[in-house]
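Fold and contact review
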Amino acid sequence: MNTLFDKIWDQHVVTEIKGGRQVIYIDQHYIHEVTSPQAFAGLEKRDITLRRKDKIIATADHNVPTKNQHLPISEPLSKKQVSTLMRNCEKFDVTCYGLGHEKQGIVHVIGPELGITKPGMTIVCGDSHTSTHGAFGCIAFGIGTSQVEQVMASQCLILNKPKTMRITVNGKLQRGVSSKDIVLYIISKLTAAGGTGHFIEFAGDAITDLSMEARMTVCNMSIEMGARGGMIAPDQKTWDYIKGREHAPKADKWNEALAYWKTLYTDAEAVFDTEHTFEASDISPMLTYGTNPGMGIKIDTHIPETENQKALDYMGLSTGESLIGKKVEHVFIGSCTNSRIEDLRLVAEFVKGKQKADHISAMIVPGSKAVEAQAIEEGLDKIFEAAGFELREPGCSACLGMNEDKVPAGEYCVSTSNRNFEGRQGPGARTILASPLTAAATAVAGVIVDVRKELN
Amino acid sequence: MDPLVRINSTAVPLPIEDIDTDQIIPARFLKAITRDGFGENLFRDWRYGKSDQPKADFVLNSDIYSGQILVAGRNFGCGSSREHAAWALHDYGFRIVISSFFADIFKGNALNNGLLPITVTDAQLDYIFQEIEKNPEHVFDVDVEAQTLTVTKDLEVKFEIDEYKKECLLKGYDDIDYLLSIDEEISRFEEKQVIY
């Protein structure tokens, strides 16, 4: 009687070493420009090469501009980092979807999009939001650069098996409430450290009702409760999503794969180390008010008492305050959490025929070149333009204050990204995390609004 | 990796909870392609003001506290997986971080870089903060072999560290050395693995 997690993990144990650690085989490695250069340098220093260059895909996402990507990067350090990735990939013969490539995009958007991410795999990347890929029923988690080097050298990692946690969300979501609200709600209940030491399986009909893209949003933010990763058992929606994609198994291989994937579920009698259950009907559109993702409230409630006065001071907010009606200056729709085509469609549907408020800067950053192309094909770009939203080119953008896209000090940004840490979107920036719909409605109103009241 | 065997040092107190890796090293300083020099920007936005002047009230700018040990509030190192956070702490001169709770990825990154995270109870953490406040010159003793953190004659904490990582720290080995040594075993695993 095993959990989904145990089934996949146990199949990847190469050997056990003293102290209880296990050597785990990694099926797929994604890399990007920020956390890979020191790993490549490490290989060179040891005079070794990649064990399996066929299991690595590279892209440039964190440190790229989202305007004029056809021009050379103007910031010298960013330019050097991106060109170092290109040079390393050339030298080590790694497939790289660099800036300008038609398959470039945020690493956690392109992996699933190309059909590389599949059920039953172990997947790592030097980025904590690697948990995103768990939506396909695989074990996917973020690693540090030393581990990036370990995987490059040996295709393995030395790990302690994490504990298992199941989070079940039962019932139906209210209209205007999305998967982003589900995960912000869970984190607000369990805190930013509530999942530490655990690997989470999300279950329940409110989860299985979600599309694959919406499932990715939930798994993406597992790390924001401290968990190593999150996963969802694969089902018909998973097969339908993968089938026909570039790296999907073809012909007989597809049937073989499907037969195996259908064994990937948690057995009825399996026991988790920790269990939590929530009701979907309790979930409202969510907002964060503090400086970690656990500091979240339902939009129609007030900021609670907190011991973390430092966070409220930073945010310029107070206990008892409602965020409805709060004037903000920026709306950012993007990041590995919410930059997929469904997110863009949802926003376009809402803003069609409307106009953003004059004082708002509203930016939409697609997760990949493919998402961008799809949005243009569907005419979403025209809708955004007419509504006063700026559609940029793909990248991590204003999620992390690393590239040119930043929020000025002291100003508020309703953001569909994943972290509201101090300075995350730029020094002094004040981030309020929310769903794409809440972000879109806020851009139109100019102040934070409860999107449920804006839907016809 | 430098071996870490024993540290006798004063400590720097940072009694803030949920210190995330964006505070330890903000993303805009992650553009380097080497592991060196990150200490300069450790806690950058808490340490320096807008025009890069040191903020007098931040502990790293104080003349009172110094040492190879950082003592921080609960849930230290949450957020991004950036190993640059561990590099920055190490580069600045820290070899030990004491807290009552560490985020998983940070903990792993720290151990892979000869920076030892020591988990104590909340009560012990409060006591350690009090001792530093009473006497900033107070010297703590960390013995990796014995797995002990000696705070005072009244408090010796026996901390947890798994056997494998302890050996790596004591000898300065890293995981790659081990993984390369089991190359044949990995090949045997690859031969029997079915991939879709």
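Going along each chain's sequence as written, the residues are numbered from 1 onward. Think of it this way: whatever chain is written first is A, whatever ligand is written first is 1, and the rest follow in order. In view of the model being predicted, local features appear only for residues whose pLDDT reaches at least 70, and side-chain atom pairs are presented and counted only at 80 or more, with totals across whole chains, interfaces and linings using the full set of residues. Side-chain numbers come from the whole structure's heavy atoms, not from hydrogens or water.

**Looking at the overall build of chain A**
Comment: elements are numbered from the N terminus, with helices defined as DSSP H or I runs of at least four residues and strands as E runs of at least two. In terms of helices and strands, chain A carries 15 helices and 19 strands. The C-alpha atoms of chain A give 21 Å as radius of gyration, which agrees with the globular expectation for 456 residues (23 Å, within 12%). Principal-axis analysis of the C-alpha atoms gives chain A an extent of 55 × 55 × 45 Å. Put simply, of all contacts in chain A between residues at least 6 apart along the chain, 75% involve residues at least 24 apart. Surface accessibility follows the Shrake-Rupley procedure with a 1.4 Å probe radius. Residue values consider only the protein chains on display as shielding. Approximately 15100 Å² of chain A is accessible, and the part contributed by carbon and sulfur atoms is 49%. Treating the 49 positive side-chain charges of chain A as one cloud and the 56 negative ones as another, the clouds have centres 3 Å apart. Each radius of gyration is computed over the set of C-alpha atoms, and the globule rule expresses the reference value as 2.2 Å times the number of residues to the power 0.38. Throughout, a contact is declared for two residues whenever any of their heavy atoms are within 4.5 Å. Note that His is not counted, nor are the chain ends; the positive residues are Lys and Arg, and the negative ones are Asp and Glu. By convention, the point assigned to a charge is CZ for Arg, NZ for Lys, CD for Glu and CG for Asp.

**Some remarks on the pairing of strand β7 (residues 148-152) of chain B**
Working note: regular strand, side chains alternate between the two faces of the sheet. Residue and element names in this part refer to chain B. Whether a residue is buried, partly exposed or exposed follows from its accessible area with a 1.4 Å probe, protein chains only, as a fraction of its type maximum: under 20%, in between, or over 50%, in that order. Among the five residues in β7, four count as buried, and that is most of the element. Should DSSP find at least two bridges between two strands, the strands are regarded as paired. Bridging between strand β6 (residues 140-143) and β7 involves three bridges; their strand directions are antiparallel. Pairing of aspartate 141 across the sheet is with threonine 150, part of β7. Here β6 folds back onto β7, and the loop between the two strands holds four residues, one of which, glutamine 147, carries a positive phi near 55 degrees. In the sheet, β7 pairs with strand β8 (residues 155-158) via four bridges, with the strands oriented antiparallel. Bridge pairing links threonine 150 to glutamate 156 in β8. Linking two consecutive strands that pair antiparallel, namely β7 and β8, is a turn of two residues.

**Notes on the environment of asparagine 61 of chain B**
Residues and elements named next belong to chain B. Here asparagine 61 lies in the loop between α2 (44-47) and β3 (69-72). Considering only alpha carbons, one finds asparagine 61 and tyrosine 48, 13 residues apart in sequence, at a separation of 9.0 Å. Not counting chain neighbours up to four residues away, the residues in contact with asparagine 61 comprise Arg47, Pro54 and Lys55. Distance and chemistry together define a polar contact, namely a pair of N or O atoms within 3.5 Å, with one atom able to donate a hydrogen and the other to accept it when in protein, and with adjacent residues in sequence counting only for side-chain atoms on both sides. Separated by 2.8 Å, the side chain of asparagine 61 and the backbone oxygen of lysine 55 make a polar contact.

**Considering the packing of helix α6 (residues 179-190) of chain A against helix α8 (residues 212-220) of chain A**
All names here are of chain A. Axis definition: a line fit to C-alpha positions, over the contact stretch in the case of helices; interaxial angles, taken between N-to-C directions, run 0 to 180 degrees. Here α6 crosses α8 at 20 degrees, and the two axes come no closer than 8 Å. Taken together, the axis directions place α6 and α8 in an arrangement best described as roughly parallel. Relative to α8, the crossing made by α6 is right-handed. Residues Ser179, Lys180 and Val183 of α6 form the contact with α8, whose participating residues are Ala214, Thr217 and Val218. Each residue gets one label: Ala, Val, Leu, Ile, Met, Phe, Trp, Tyr, Cys and Pro are nonpolar, Asp, Glu, Lys and Arg are charged, and the others, such as Gly, are polar. In terms of residue class, the contact of α6 with α8 is made up of three nonpolar, two polar and one charged. An angle below 35 degrees is treated as roughly parallel, one above 145 as roughly antiparallel, one from 65 to 115 as roughly perpendicular, and anything else as oblique. With the far helix as reference, a near helix turned anticlockwise by less than a right angle produces a left-handed crossing, and one turned clockwise produces a right-handed crossing.

**Quick look at the interface of chain A and chain B**
The partner chain B presents 54 residues to the 71 residues of chain A that form the contact. Buried area: the accessible surface (1.4 Å probe) lost by two parts on joining, summed over both. For the pair chain A and chain B, the two sides together bury roughly 5100 Å², of which 57% comes from carbon and sulfur. Sorting the residues of chain A by area buried against chain B places Lys18, Gln38 and Arg51 of chain A first, and these three jointly supply 12% of that buried surface. One side-chain nitrogen of Lys or Arg within 4 Å of one carboxyl oxygen of Asp or Glu is enough to make a salt bridge. Here chain A and chain B share ten salt bridges between them. With its nearest N and O atoms 2.4 Å apart, the salt bridge here joins arginine 21 of chain A to aspartate 162 of chain B. Seen at the junction of chain A and chain B, the total is 31 residue pairs in polar contact (both at pLDDT 80 or more). Looking at the side of chain A that touches chain B, the elements that each hand over two or more residues are β1 (13-16), β2 (22-25), α2 (37-46), α3 (76-92), α5 (145-154), β8 (156-159) and α10 (251-261) of chain A. When residues of the side of chain A that touches chain B are assigned to their parent elements, the largest contribution, seven residues, is made by α5 of chain A. Its residues assigned to classes, the side of chain A that touches chain B comprises 25 nonpolar, 27 polar and 19 charged.

**Description of the domain arrangement of chain A**
All names here are of chain A. For the purposes of this description, domain bounds are those given by an automatic or database domain assignment. What the domain assignment lists for chain A is domain 1 (4-159), domain 2 (163-281) and domain 3 (286-453). Between the C-alpha centres of domain 2 and domain 3 the distance comes to 24 Å. Opposite the 22 residues of domain 2 that make contact, domain 3 presents 26 residues. Buried area between domain 2 and domain 3, both sides added, is near 1800 Å², and the carbon and sulfur share of it is 55%. Across the contact surface, domain 2 and domain 3 share one salt bridge. A salt bridge links arginine 419 to glutamate 224; its shortest N-O distance comes to 3.0 Å. Scanning the region where domain 2 abuts domain 3 turns up twelve residue pairs in polar contact (both at pLDDT 80 or more). Of all the elements in the fold, those that place two or more residues in the side of domain 2 that touches domain 3 are α6 and α8. In terms of residue count, α6 provides more of the side of domain 2 that touches domain 3 than any other element does, six residues in total.

**A word on the environment of alanine 140 of chain A**
All names here are of chain A. Its location among the elements puts alanine 140 in strand β7 (residues 139-142). Assessed through its relative accessible area of 0%, alanine 140 is described here as buried. Counting along the chain gives 91 residues from alanine 140 to methionine 231, while the straight-line C-alpha distance between them is 8.1 Å.

**Thoughts on the sheet that holds strand β3 (residues 28-31) of chain A**
In any sheet, the strands associate via hydrogen bonds between backbone groups, in a parallel or an antiparallel arrangement. Residues and elements named next belong to chain A. Ordered in space as β5-β4-β3-β6-β7, the five strands form an open sheet in which the pairing is parallel. Two strands lie at the open edges of the sheet, namely β5 (95-97) and β7, each paired on one side alone. Within the sheet, the average angular offset between the axes of one strand and its neighbour, ignoring direction, is 20 degrees. Strand direction decides the pairing type here: strand β6 (residues 122-125) and β7, joined by four bridges, are parallel. Counterpart to threonine 122 in the pairing with β7 is isoleucine 139.

**A few points about the sheet that holds strand β4 (residues 96-99) of chain B**
All names here are of chain B. Read across the sheet, four strands follow the order β2-β3-β4-β5 without closing on themselves; strand pairing throughout is parallel. Taken across any chain shown, the strands that pair with only one partner, and hence form the sheet edges, are β2 (11-14) and β5 (116-119). Along the sheet, successive strands turn relative to each other by an average axial angle of 20 degrees, direction set aside. Direction of pairing for β4 relative to β5: parallel, over a ladder of four bridges. In the sheet register, valine 97 faces β5, and the bridge partner there is proline 117.

**A short note on the nonpolar core**
Counting 90 residues, the largest nonpolar core has Met152, Ile167, Val169, Ile186, Phe202, Met225 and Trp261 of chain A as its most contacted members. Per-element tally for this core: the top contributor is α6 of chain A, with seven residues. When residues of this core are assigned to domains, at least three fall in each of domain 1 (4-159) and domain 2 (163-281) of chain A. The contacts of phenylalanine 202 of chain A, once residues within four sequence positions are left out, are Ile167, Ile186, Ile207, Val218, Cys219, Ser222, Met225, Gly230, Met231 and Ile232 of chain A. Counting 79 residues, the second-largest nonpolar core is a separate cluster that includes Val34, Val328 and Val351 of chain A together with Ala86 of chain B. Remark: nonpolar core denotes a set of buried residues (Ala, Val, Leu, Ile, Met, Phe, Trp, Tyr, Cys) joined through side-chain atoms within 4.5 Å.

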